[in-house]
Structure formats: C-alpha cells, structure tokens
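# Reading the structure
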Amino acid sequence: MDGAVSGFSDLLRQRRVELAIAVPPTLREIRVDPMRLEQALTEIISNALDAMSDGGRLEIAAQSQSGEGGADGVLLEITDSGPGIAAEILPNLCEPFFTTRPEGTGLGLAIAKRYVEETGGRLDIVSRIGHGTTVRIWLPIASGEAALTPARSLS
C-alpha cells in the first residue's frame, strides 16, 4: 500500500486531497503478488483522485475480516469523497474497455479486479451520488489452503 500511495504525494497536494490511512499493525500477511497489488491500488487511487479534482478526502483502511466459508482475510477499503457513481454504471466499471472518461482506456479496474480474483480475493465497488465511492478488496491471509473461489460480495 505504501508504494501505491507514495507515487501520488504531489497530486494529492495539487488537488487538495486529504489522505487518511488506517492500517492496524496486527494485520496478518496476505497471499498476493506485491507488485500486482500495488498496480491494482494505483489504478484505484488514480480513479479516486480523478473524481476529486476540486479537493476532498481519500481514506484507505484495512482490517481483518472473514470471507465466504469463514476464511480469514484482510479487507482494504479505499473511499473517496467525490461525486459518486450512478447506480446504472456500477455493474460495468470492471468490464474491460468500459470507461466514463474521454482519455481512459477502460482497463485499470478490469486489471485490478483480475489481479485480486487470481489471489482468491474479491473486489467490489459501492457508490452513491453525492456521497463518494468505496472500493472494497478482500484478500485471503497467507497461511492455509488457497481459496478455491472468490469471497462473497462485500456490499
């Protein structure tokens, strides 16, 4: 997470976005390729900052949470205070080549979701117009058997 956030320090300052990170020191290790997770988080943070071009608050939180079947994991939540996303667009956000931006490729969230699901995790997006957007990523802990299916929806 530190690697993904560090690349945005100038943009955070330029856009007047306050960053709040809440990660307890007692989280268990997760089973994930750190470079792929950093890339996924970079895509998500980039989208959040695009949504807050006039300032706002970006919150990144992590906590332990059980997934489907009681599997232990870590839940990451990236929440922006942007304008939110219309309900009819939400189901398409992680589809390849779907974008709402003229300069976007529509691949960032699709790649992020694929990386998360390859680890046995789950990526969900919840949003309300006027209340911002939260991307929730559940990842299994490092010990134990590999998850056979992604965790249940977190919304």
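Up top you'll find the structure we're talking about.
Here the structure is a predicted model, which is why all the values come from computation and not from measurement.

The next point concerns the side chain of Asp80. By the secondary structure assignment, Asp80 is in strand S3 (residues 72-80). Of note is the side chain of Asp80, whose polar atom sits 2.8 Å from the backbone nitrogen of Gly82. Beyond its immediate chain neighbours, meaning those up to four positions away, Asp80 contacts Ala48, Ala51, Met52, Arg57, Leu58, His131, Gly132 and Thr133.

Summarising the sheet, strand S4 (residues 122-128) and strand S5 (residues 132-140) pair through seven bridges and their orientation is antiparallel. Each bridged residue has a counterpart across the sheet, and for Arg128 the counterpart in S5 is Gly132. The loop that links S4 with its antiparallel partner S5 comprises three residues; one of these, Gly130, has a positive phi angle of about 85 degrees.

Attention shifts here to the side chain of Ser127. Mapped onto the secondary structure, Ser127 falls in strand S4. Residue classification places Ser127 among the buried positions, given a relative accessible area of 15%. Polar side-chain contacts of Ser127 include one of 2.7 Å to the backbone nitrogen of Ile85. Contacts of Ser127, omitting those with residues within four sequence positions, involve Gly84, Ile85, Leu90, Gly132 and Thr133.

Reading the values: rules and limits
- Residues numbered from 1 in each chain as written.
- Predicted model: local features only at pLDDT ≥ 70, side-chain atom pairs only at ≥ 80, totals over all residues.
- Heavy atoms only, no water.
- Helix = DSSP H or I, 4+ residues; strand = E, 2+ residues; numbered from the N terminus.
- Polar contact = N/O pair within 3.5 Å; in protein donor to acceptor, adjacent residues only side chain to side chain.
- Contact = heavy atoms within 4.5 Å.
- Pairing = 2+ DSSP bridges.
- Buried < 20%, exposed > 50% of the residue type's maximum accessible area, 1.4 Å probe, protein only.

Read these as geometric descriptors, not functional statements.
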